[in-house]
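Architecture at a glance
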Amino acid sequence: DRDVGRLGDNLSYADNFVRSAILMGHEYAAEASLVLNVWMYAAHQLWKGLETCQKMVEADNPGQFNLGTAGMDEFIALWIGTGSNPGSPNGDSLYAMTEDAYNEFGGVFEESETNSELKSLYQQASSLLSIPGICTKAEQPESPRMLYSISTQMLSKMQIPLIQQLILSILNKDVRKTQVLAMAVVPQAAQCRPSAYKRLKDYLLLTENPRFDKTKIILRDLQDIYNCFGLTCDDIGEPPLKLTKNVDMPDCYASNPRSALAQYFPSTDVASVARVDLDILQMRILSSMGSFRYAQMWYDYGRNSPVQQRSENDSFSYYSLADLAVASSRKNGDPWFSDFVLYHNDNNYADKMMRNVLQGRNNKWNSVEQRTAVIAETSAFMVVQMHLWAQINDAVNQCKGMQSEGEYDLTHPWDEVAALIIGSLEGTMEGGSADLEDGQLTWSLASRRAFQFQSINSDGYANINSRLEDLLYAGKGEIDAMECTALERTAYQIQVLTNS
């Protein structure tokens, strides 16, 4: 799926699918054209506009680029079309398809939240783009990040009707419609938990007919990808009872702030902190496909970890790996931080390495494979790892009554530590995911090495992770009981284990 050499063989997947449907006289040809061609071209307009804005900010002569409306007008025209009426499911547009899905899922408002929010985000983008000097280095250097924030929210909302319609087609056991919608949704799940993606592909795309006998597993895996699409269970909603009364429906836990991390149960919402591993996974995928410009956008602006908002008036943005790589709080990671600075003779050593490799300025690593490996491993084990050690020390300092210098201020400090060790992709089960491709952080590294070095416990997972789990719970109890001396010992043991 990520072989650069094979990309050219698949560029016409939608065209081939639709043409085949037309030639065979299938009634789903029009819907296939809508969800495969029109939907993807609308998404393309958002990315194309964002890329132009980024190029303008980087250029000495931004006037050489034609920003236009950064693809926003083209997007809204493709989404709504010419024959749509407000709140109506009648018509052949993406807007109408969204209203149809909304009504099937029991919507109660005159217009679906998805369409209302897309129009609101379009207005936000239009206001941003009307600012003089937008997307120029001299006047508005933060323009790409602001536009990126709006565009990625729009892209998340665009997924809702596709997923809803896919769920309906599965519950209706509609073979042809399921095949069409699976073709629209499942390839995008490659950016999510690898194990869930592989099952969805096996059950919906790589079989002659969808595996409706695996409906509960398919629906569970669809729920699993909500997070990496920036969605929650409430965003998708519940399908009609008439379709589910005879189906063993899985409970939905997507974006549950108390979801376990490999059986560590946080007491505060650290889902956003844990999802830094999705940024790393997606940068790995983008880099492996030679798309280093977009990998750098993920690095600079983040993608999966929304910044905690104190009120609805706070602007939407993401925590980014680039921000973590230069954060002043890294000095709390001593003694390791000082050792790295001394070795590299640069306070921002990890950021410098990332940018050199992303921009192709490092002569040591020239191939796509080499650059991909360095980007992913540096993100996980230099950027996030140092951030983890700093957060551990910050938790101890908070216990002692010192002022926090961490990046997060609305969560339990020890929950943050667990989230940065385990990540979101390990799932909820004890020991983490059985698929070694899932995790991206220290927990996953320990799992991979445990199989190589045969250091696995009786429950089938890494001895180091078993010890880490015990220490995480011990530290949680110690910090809640304000046993700061004991917490300091626990913190040191975790730092040593995560450095081994």
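Bear in mind the structure is a predicted one, so any value in this text is a computation, not a measurement. Along each chain, numbering runs from 1 in the same order as the chain's sequence is written. This being a predicted model, a pLDDT of at least 70 is required before a residue's local features are given, and a value of 80 or more before pairs of side-chain atoms are given or counted; all residues contribute to the totals for chains, interfaces and linings. Hydrogens are left out, water is left out, and the side-chain values use all remaining heavy atoms of the structure.

1. Some details on the overall build of the protein chain
The criterion, for reference: Numbering of helices and strands runs from the N terminus, with a helix taken as a DSSP run of H or I at least four residues long and a strand as a DSSP run of E at least two residues long. The size measure is the radius of gyration over C-alpha atoms, and the globule rule it meets is 2.2 Å times the number of residues to the 0.38 power. Under the scheme applied here, a residue whose accessible area is under 20% of the maximum for its type counts as buried, over 50% as exposed, and between as partly exposed, the area being computed with a 1.4 Å probe on protein chains only. Contact definition: two residues touch when any of their heavy atoms are within 4.5 Å. Note that accessible areas follow from Shrake-Rupley with a 1.4 Å probe, and for residues the cover is restricted to the protein chains shown. In this tally, Asp and Glu contribute negative charge and Lys and Arg positive charge; neither His nor the terminal groups of the chain are included. Each charge is placed at NZ for Lys, CZ for Arg, CG for Asp and CD for Glu.
Secondary structure summary: the protein chain contains 23 helices and zero strands in total. For 500 residues, the compact-globule formula gives about 23 Å, and the C-alpha radius of gyration of the protein chain, at 24 Å, lands near that figure. Considered along the principal axes of its C-alpha atoms, the protein chain spans approximately 70 × 60 × 45 Å. With 500 residues in all, the protein chain has 53% of them scored as buried. Across the protein chain, the fraction of contacts at a sequence separation of at least 24, relative to all contacts at a separation of at least 6, is 65%. Element-wise, carbon and sulfur atoms account for 49% of the exposed surface of the protein chain, whose accessible area totals about 22700 Å². Charge-centre separation for the protein chain: the mean point of 41 positive side chains lies 4 Å from the mean point of 63 negative side chains.

2. A word on the packing of aromatic side chains
Here is the rule we go by: Any pair of Phe, Tyr and Trp rings, taking the six-membered ring for Trp, is counted once the centres come within 6.5 Å. Such a pair is stacked with planes under 30 degrees apart, edge-to-face with planes over 60 apart, and tilted for the rest.
A complete count under the given rule lists 13 aromatic pairs for this structure. Where Trp47 meets Trp298, the ring centres are 5.7 Å apart and the plane angle is 25 degrees; that geometry is what we call stacked. Here Trp47, found in helix H3 (residues 29-58), pairs with Trp298, found in helix H15 (residues 292-301); they are 251 residues apart in sequence, far enough to count as distant. Between the aromatic rings of Phe316 and Tyr318, the centroid separation amounts to 5.1 Å while the plane-to-plane angle is 85 degrees, which identifies the pairing as edge-to-face.

3. Things to note about H15
The α-helix advances 3.6 residues per turn, and as a result positions three or four apart in sequence lie on the same side. For H15, a buried count of nine out of ten residues is recorded, marking the element as mostly surrounded by other parts of the structure. Among the residues of H15, Phe292, Tyr294, Ala295, Gln296, Met297, Trp298, Tyr299, Asp300 and Tyr301 are the ones counted as buried. Residues of H15 that are buried make contact with H3, helix H7 (143-171), helix H14 (276-288), helix H16 (321-326), helix H18 (349-358) and helix H19 (368-399). Downstream of H15 by a residue or two, Gly302 has a phi angle that is positive, lying close to 75 degrees.

4. Topic: the state of the cysteines
Defined as follows: Any two cysteine sulfur atoms lying within 2.5 Å of each other are counted as a disulfide.
Applying the stated criterion across every chain yields a total of four disulfides. Shown here is the disulfide that connects Cys53 with Cys135, its sulfur atoms set 2.1 Å apart. Between Cys53 and Cys135, the disulfide has an S-S torsion of -95 degrees and is therefore left-handed. Taken together, the positions of Cys53 in helix H3 and Cys135 in the loop between helix H6 (113-129) and H7 put the pair 82 residues apart, joining distant regions of the chain. Of the two residues, Cys53 and Cys135, both sit in the buried class. With its sulfur 2.0 Å from that of its partner, Cys233 forms a disulfide with Cys252.

5. Observations concerning the environment of Ala325
Of note, Ala325 is situated in helix H16. As a C-alpha pair, Ala325 and Val383 span 58 residues in sequence and 5.3 Å in three-dimensional space.

6. Topic: the nonpolar core
Using the following cut-off: For our purposes a nonpolar core is just a set of buried Ala, Val, Leu, Ile, Met, Phe, Trp, Tyr and Cys residues, chained together by side-chain atoms within 4.5 Å.
Phe75, Met158, Ile167, Leu222, Trp414, Ile421 and Leu472 are the most contacted members of the largest nonpolar core, which totals 143 residues. Contacts of Phe75, omitting those with residues within four sequence positions, involve Ala42, Gln45, Leu46, Leu118, Met154 and Met158.

7. Looking at the packing of helix H22 (residues 463-480) against helix H23 (residues 484-498)
To keep things clear, this is the line we draw: Every axis corresponds to a line fitted to the C-alpha atoms, with the helix fit spanning only the stretch in contact, and the corresponding angles, defined between N-to-C directions, vary from 0 to 180 degrees. Angles below 35 degrees are treated as roughly parallel, those above 145 as roughly antiparallel, those between 65 and 115 as roughly perpendicular, and all remaining angles as oblique. The handedness criterion is simple: a crossing whose near helix is rotated anticlockwise from the far helix by less than a right angle is left-handed, and one whose near helix is rotated clockwise is right-handed. Note on residue classes: Ala, Val, Leu, Ile, Met, Phe, Trp, Tyr, Cys and Pro are nonpolar, Asp, Glu, Lys and Arg are charged, and everything else, Gly too, is polar.
Where H22 contacts H23, the axes come no closer than 9 Å and their chain directions differ by 155 degrees. Here H23 runs roughly antiparallel to H22, going by the angle between their axes. Of the two possible hands of crossing, H22 and H23 adopt the one that is left-handed. Residues Ile464, Arg467, Leu468, Leu471, Leu472, Gly475, Glu478 and Ile479 of H22 form the contact with H23, whose participating residues are Ala486, Leu487, Thr490, Gln493, Ile494, Leu497 and Thr498. Across the contact of H22 with H23, the residue classes break down as nine nonpolar, four polar and two charged.

8. A look at the packing of H19 against helix H20 (residues 413-422)
Relative to each other, H19 and H20 sit at 160 degrees, their axes nearing to 9 Å. Viewed along their axes, H19 and H20 adopt a mutual orientation that is roughly antiparallel. Crossing of H19 against H20: the hand is left-handed. Facing Val384, His387, Leu388, Gln391, Ile392, Ala395 and Gln398 of H19, the residues of H20 in contact are Pro413, Trp414, Glu416, Val417, Leu420 and Ile421. Class assignment for the residues of the contact of H19 with H20 results in nine nonpolar, three polar and one charged.

9. Focus: the environment of Arg303
You can see Arg303 is positioned in the loop between H15 and H16. Among the residues examined, Arg303 registers a relative accessible area of 9% and is labelled buried. Residues Arg303 and Asp279, 24 residues apart in the sequence, show an inter-C-alpha distance of 6.2 Å.

10. Points about the environment of Asp269
With respect to the element layout, Asp269 can be found in the loop between helix H12 (241-244) and helix H13 (271-274). Looking at Asp269, the relative accessible area reads 40%, which means it is partly exposed. Placed twelve residues apart in sequence, Asp269 and Pro257 show a C-alpha to C-alpha distance of 4.3 Å.

11. Section: H18
Of all ten residues in H18, eight are buried; the element is thus mostly enclosed. Turning to H18, its buried residues number three or more, namely Tyr349, Ala350, Asp351, Met353, Met354, Asn356, Val357 and Leu358. Buried residues along H18 sit in contact with H14, H15, H16, helix H17 (336-344) and H19. The first or second residue beyond H18 is Gly360, which carries a positive phi of 70 degrees.

12. Some thoughts on the pattern of salt bridges
Here is the rule we go by: The working definition used for a salt bridge is a side-chain nitrogen of Lys or Arg within 4 Å of a carboxyl oxygen of Asp or Glu.
Overall, the coordinates contain 21 salt bridges when judged by the stated rule. Across the pair Arg293 and Glu58 runs a salt bridge, and its minimum N-O distance is 3.4 Å. One end of the pair, Arg293, is in helix H15; the other, Glu58, is in helix H3, with 235 residues separating them in the sequence. Measuring nitrogen to oxygen at the nearest pair gives 3.1 Å for the salt bridge that ties Arg355 to Asp351. Residue Arg355 and its partner Asp351 are located together in helix H18, separated by four residues, close to a single helical turn. Take Asp351: its relative accessible area is 11%, and that puts it in the buried class.

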